[in-house]
Amino acid sequence: MEGIAKETWLHRVNPSVKLLLLLGVLIALLFIHNLNVMLLLNIVIIICFCFGTGISRKYALLFFLPFFLLFWSSVLTMALYGKGSTLWWEWGIFRVSEESFFRGVHLGFRALTFGLIGLIFVCTTHPVRLFYSLMQQLHFPPKFAYSFMASIRLLPIIWDEFHTIRMAHQVRGFSPGKGWKGFKRKLSAYAVPLLAQSIRRAYRIAVAMEAKRFKGNQKRTYYYQLSIGKWDLLFLLFLLGITGVVWVGSEWIQLLPNQDVRLI
Amino acid sequence: MYDHSMIKGGYGVHKLRLKFPGDESLLFRDCDFQYQKGEKILFLGPSGCGKSTLLQVLAGLIPHAIDVPMKAQQVVVPESTAVVFQDPDTQFCMTHVDEEIAFVLENLQIPREEMPDQIKKYVSVVGLDLEDVHTSIHTLSGGMKQRLAIASAMALQPEVLFLDEPTAFLDTDGTKQVWETIRQLPDDQTLLIVEHKIEEMMDVVDRIVLFRPDGTILADGKKEEVLANYQEQLREYGIWYPGIWEERLIYRSNDSVTSQADSPLLALRDFQVLHSGDVKLQVSHADLYQGEWIAVIGKNGAGKSTLLQGIRQLLKTKGKLLYQGSPIARADLQKIGFVFQNPELQFVASTVGDEVAYTIRQALKDPTEEEIHQMVQERLEMFSLWEHRHKHPYQLSVGQKRRLSVCATIHENHQILLLDEPTFGLDAQNTFSLLNWLEELRQSGTTIVMVTHSEEIARYYADRIWWIGKGHLQKVSSNGVSGKELEDGGNCERDVASSSKP
């Protein structure tokens, strides 16, 4: 995420701590059935995403867009097809009832919160620091950590090659034809060269890593030393703070019915 | 080991037998090779003779890191080795310069506190002058990447440094940089080098081992002796030795296919090539005549490939691109062929024969199977690929792949052939055979526009040279006549821009 986001205090939180705590938040989210609490939490998370990640407005909107679509698709599918007894509107197979509407909205907010929390993590965590932290704090095997880091370099190369293949097909007038057969030909025309190049490249990198005396399970020192410190404590307090604010706030601010969506 | 050791005091292999899975015969049959500390050795030989494989055995990569079945009575590998590989893009696992060297230091369990100083030390050993060591490897040129590879190799403090064709993927500039770096290493550093281009590096080594195509050792001795006694083999084996260009140059017929009175085949006027909205390349004025050979020269990232892609309308363009006087139309694009740098990315068929047949089917209207078969045979024979017609294109050697990529691209309708560094990474034999095919095509009237890093190709083969720099066509020079700068947009330089061969 270099160059996209400015550094904020969230960047200084230990990536492993951040990962575990945010996973905890995601699990906790599954148990929030109160619509009003969900909405308030969502607002707080949006504020965190906009002001806490240091991301520029352009990228914030760009990243937000798919989650926004996810929100509406969740709301609509649940609202239009869900079951319920208090009927509001009916047209053909579409039945919107009070219950289905609120459940749809609830599901939409949950999906949106999930997505945003993931985005906050991705935007504030440098992948190299993440893997160094996983190795040091969570004893993630270096064999996998360095493989992942090596593959980060390969992604832009694969993207460039994809473009070259497209150009080459254009030049040679390659038309795979229509239908299922055409799709299969097209798929193999892209996948075979891309895979062949990537496998060869990955193999060479692996040999080069071993030539540099990387063994995968040896004891090692770390260039980036990551530890747990005050920022992590602050992050924990911050999350508890959010919980408290939302909890108490939901008693005072009631934008949507303040009850369990399953009981409406 | 108790048996009487055949290798005394040094390193090497005794009675090495090695066979690649799937190959019919042994690559090495009882191969013997020994060397001492402090020696600087060069392995020479034709492509595919096994010299890189032997280097990998001597460095201990085979059979530990690379799984190839081998047997030997004795192998003595130095306690610490380091290898620099040929491809600058496939030997780093981290994204930044400092992290890459740190990766080696971590493997050696150097304490974290000492790392920054050590990184600085190794970066300066190879003369990699960076303001900040935390620089993205992606932004380095090929030559600088290889310097970094040498730096991280030196961080291993190797008894023996192995270099496996470290300049194969580099231009003249990068090649010089690499050997400059090797010269800066301590005098007692043991070196073992595999290389095809020996012009720039003869002073680095003192012993040469020359291999036959079947992997046996033809000569092993002082460099002066081997160079003097085996001139003919060097030529035969496709090695780039000093003076090869003058020697191998085919004398091009001077009867020009171009006529200056003709109007240009292709004219570029205030031509701009765009890439995701930005102008990547500008050409204010340039002409292309039938049957001429243009070399496009410039630094990495200057926009050479972009120019070719713009001419073929693979990228968005602005300004005028006139084909025989009128704006280029879709049908005209069929007359422009394009050969990509990496041949594998442009193959669409599953056999060599089908690859060529595919193009013929595209070019002709309803050809009969008989006609296709005949033309495929003609073409493949011309490029000496007929005996490989049933192979998958990926099974060919590097040189054969390049030949196929040209062979499968061209067809009779082509007036212009655009090539993106077609000789990149090829040995001398393959380079000259490819250049000779292209010269034949040119003589039959095809215009050739070729991006190249080789000054020699530009000097000896091209009629005119287009110099690209910083996203502009800066200079057009006729061969023999030094070019003038195209300062005021090139408009007053029409005489230079449109002059033909000397």
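By the naming in an unreviewed UniProt entry, chain B is Energy-coupling factor transport system ATP-binding protein, taken from Croceifilum oryzae. Of the comments in the UniProt record for chain B, the one headed Subcellular location (unreviewed entry) reads "Cell membrane".

Under the annotation held in an unreviewed UniProt entry, chain A carries the name Energy-coupling factor transport system permease protein and is attributed to Croceifilum oryzae. Recorded under Subcellular location (unreviewed entry), the UniProt text for chain A is reproduced unchanged: "Membrane".

### A look at the overall build of chain A
Summing up its helical and strand segments, chain A has nine helices and two strands in all. Counting helices and strands in the order they occur from the N terminus, chain A gives α-α-α-α-β-β-α-α-α-α-α. What you see for chain A is a C-alpha radius of gyration of 24 Å, clearly larger than the 18 Å of a compact globule of 264 residues, by over 25%. Its C-alpha atoms give chain A principal-axis dimensions of about 65 × 60 × 30 Å.

### Here we look at the packing of helix α14 (residues 398-407) of chain B against helix α15 (residues 428-443) of chain B
Residue and element names in this part refer to chain B. Here α14 crosses α15 at 10°, and the two axes come no closer than 10 Å. On the basis of the axis angle, α14 is roughly parallel to α15. Counted together, Gly 399, Arg 403 and Val 406 of α14 and Asn 430, Ser 433, Leu 434, Trp 437 and Leu 438 of α15 form the full contact between these two elements. A breakdown of the residues in the contact of α14 with α15 according to their chemical character gives four nonpolar, three polar and one charged.

### Points about the layout of surface pockets
All names here are of chain A. Space inside the second largest pocket adds up to approximately 580 Å³. Together, 28 residues line the second largest pocket, and Val 25, Ile 32, Leu 41, Ile 242 and Thr 243 are the ones closest to its centre. With eleven residues, the top contributor of residues to the lining of the second largest pocket is helix α9 (residues 230-252).

### Thoughts on the packing of aromatic side chains
Residues and elements named next belong to chain A. In total, this model carries 34 aromatic pairs over all chains according to the counting rule given. Ring centres of Tyr 132 and Tyr 224 lie 5.2 Å apart, and the angle between their planes is 85°; on these two criteria the pair is classed as edge-to-face. One end of the pair, Tyr 132, is in helix α6 (residues 127-137); the other, Tyr 224, is in the loop between α8 (179-211) and α9, and 92 residues separate them in sequence. With a relative accessible area of 0%, Tyr 132 lands in the buried category.

### Regarding the sheet that holds strand β3 (residues 40-44) of chain B
The strands that make up a sheet pair up through hydrogen bonds in the backbone, lying either parallel or antiparallel. Residues and elements named next belong to chain B. Spatially, six strands are ordered β6-β7-β8-β3-β9-β10 in an open sheet, and the strand pairing comes out mixed. Since the sheet does not close on itself, it has two edges, and those belong to β6 (81-84) and β10 (217-222), each with one partner. The average undirected angle you get between the axes of adjacent strands in this sheet is 15°. As defined by bridge partners, strand β9 (residues 207-211) adjoins β10 across five bridges and the pair is classed as antiparallel. Bridge pairing in β10 places Phe 211 opposite Ile 217. Helix-sheet contacts for helix α5 (residues 142-154) involve β6 and β7 (160-164), and the interaxial angle to β6 is about 175°.

### Details of the pattern of salt bridges
Under the definition given, this model contains 21 salt bridges over all chains. Arg 172 of chain A serves as the salt-bridge partner of Glu 355 of chain B, at 2.2 Å between the closest nitrogen and oxygen. Pair noted here: Glu 355 of chain B is in helix α12 (residues 352-363) and Arg 172 of chain A is in helix α7 (residues 142-172), and the two residues belong to different chains. Residue classification places Glu 355 of chain B among the buried residues on the basis of a relative accessible area of 0%. A relative accessible area of 8% places Arg 172 of chain A in the buried class. A single salt-bridge network, built from bridges that share partners, covers Arg 153 of chain A together with Asp 89 and Lys 145 of chain B.

### Description of helix α2 (residues 15-29) of chain A
In this model, α2 of chain A (15 residues) spans 21 Å end to end at C-alpha, consistent with the 21 Å of a helix rising 1.5 Å per residue. Residues of α2 of chain A that are buried make contact with α1 (9-12), α3 (35-52), α5 (98-124), α6 and α9 of chain A.

### Points about the confidence of the model for chain B
Should the pLDDT be low somewhere, the predicted coordinates at that spot are not to be read in detail. All names here are of chain B. Here chain B averages 86 in pLDDT, while 92% of its residues score no lower than 70. Low pLDDT, under 50, characterises residues 481-502; the predicted model gives this stretch 47 contacts beyond four residues in sequence or across chains. In the model output, the complex is listed with pTM 0.84 alongside ipTM 0.84.

### Comments concerning the pairing of strand β14 (residues 316-323) of chain B
Residues and elements named next belong to chain B. Note that strand β11 (residues 266-275) and β14 share seven bridges and pair antiparallel. What sits directly across from Leu 268, in β14, is Leu 321. Pairing analysis gives two bridges linking β14 to strand β15 (residues 326-327), with the strands arranged antiparallel. Within β15, the position partnered with Leu 322 by the bridge is Pro 327. The hairpin turn running from β14 into β15, its antiparallel successor, is two residues long, and Gln 324 in that turn takes a positive phi close to 50°.

### Things to note about the interface of chain A and chain B
Chain A puts 45 residues into the contact, and the matching count from chain B is 56 residues. Here chain A meets chain B over a buried area of about 4,600 Å², counting both sides, of which 56% is carbon and sulfur. On the chain A side of the contact with chain B, Arg 172, Lys 212 and Tyr 223 of chain A bury the most area, a combined 21% of that side's loss. Counting across the interface, chain A meets chain B through six salt bridges. For the pair chain A and chain B, the interface holds 27 residue pairs in polar contact (both at pLDDT 80 or more). Counting only elements with at least two residues in the side of chain A that touches chain B, the list comes to α6, α7 and α8 of chain A. Each residue belonging to the side of chain A that touches chain B can be placed in one class, and the counts come to 24 nonpolar, nine polar and twelve charged.

Criteria and thresholds
- Residue positions are counted from 1 within each chain, in the order its sequence is given.
- For naming, the first written chain is A and the first written ligand is 1, with later ones following in the order written.
- Under the rules for a predicted model, residues below a pLDDT of 70 receive no local features and side-chain atom pairs below 80 are neither given nor counted, while totals for whole chains, interfaces and linings still include all residues.
- By convention in this description, side-chain values take in all heavy atoms of the structure and omit both hydrogens and water.
- UniProt positions are given in the numbering used here, feature names are shortened, and annotations may be inferred rather than shown by experiment.
- Helix and strand labels come from DSSP, where a helix needs a run of H or I of at least four residues and a strand needs a run of E of at least two; each type is numbered from the N terminus.
- The globule rule used for comparison is 2.2 Å times the number of residues to the exponent 0.38, while the radius of gyration itself is calculated over C-alpha atoms.
- Axis geometry follows a simple rule: fit a line to the C-alpha atoms, using only the stretch in contact for helices, then measure angles between N-to-C directions, giving values from 0 to 180 degrees.
- Just so you know how the angles are binned, under 35 degrees is roughly parallel, over 145 roughly antiparallel, 65 to 115 roughly perpendicular, and the rest oblique.
- Residue contacts are defined here by distance: any two heavy atoms, one from each residue, within 4.5 Å place the two residues in contact.
- Gly falls in the polar group here, along with every residue not listed as nonpolar (Ala, Val, Leu, Ile, Met, Phe, Trp, Tyr, Cys, Pro) or charged (Asp, Glu, Lys, Arg).
- Each cavity reported here is a set of points on a 1 Å grid over the protein atoms alone in which a 1.4 Å probe fits but cannot get out, each pocket an open set with protein on both sides within 12 Å along at least five of seven lines, and each lining residue one with an atom within 4 Å of a point.
- Grid points are joined across faces, edges and corners, and a volume is the space filled by probe spheres set on the points.
- Only rings of Phe, Tyr and Trp enter the pairing, Trp through its six-membered ring, and a pair is recorded when the two centres are within 6.5 Å. The plane angle decides the type: under 30 degrees is stacked, over 60 is edge-to-face, the rest tilted.
- The buried label applies to any residue whose accessible area, calculated with a 1.4 Å probe on protein chains only, is under 20% of its type's maximum; exposed applies above 50%, and partly exposed to all values in between.
- Only strands that DSSP links by at least two bridges are regarded as paired with each other.
- Should a side-chain nitrogen of Lys or Arg be within 4 Å of a carboxyl oxygen of Asp or Glu, the pair is scored as a salt bridge.
- Under the convention used throughout, the expected extent of a helix is 1.5 Å for every residue step, that is, one less than its residue count.
- On a scale of 0 to 100, pLDDT captures the predictor's confidence in every residue.
- For any pair of parts, buried area is found by adding up, for both, the accessible area (1.4 Å probe) each one loses once the two are put together.
- By the criterion applied in these results, polar contacts are pairs of N or O atoms within 3.5 Å in which, for protein atoms, one can donate a hydrogen and the other can accept it, and in which residues neighboring in sequence qualify only through two side-chain atoms.

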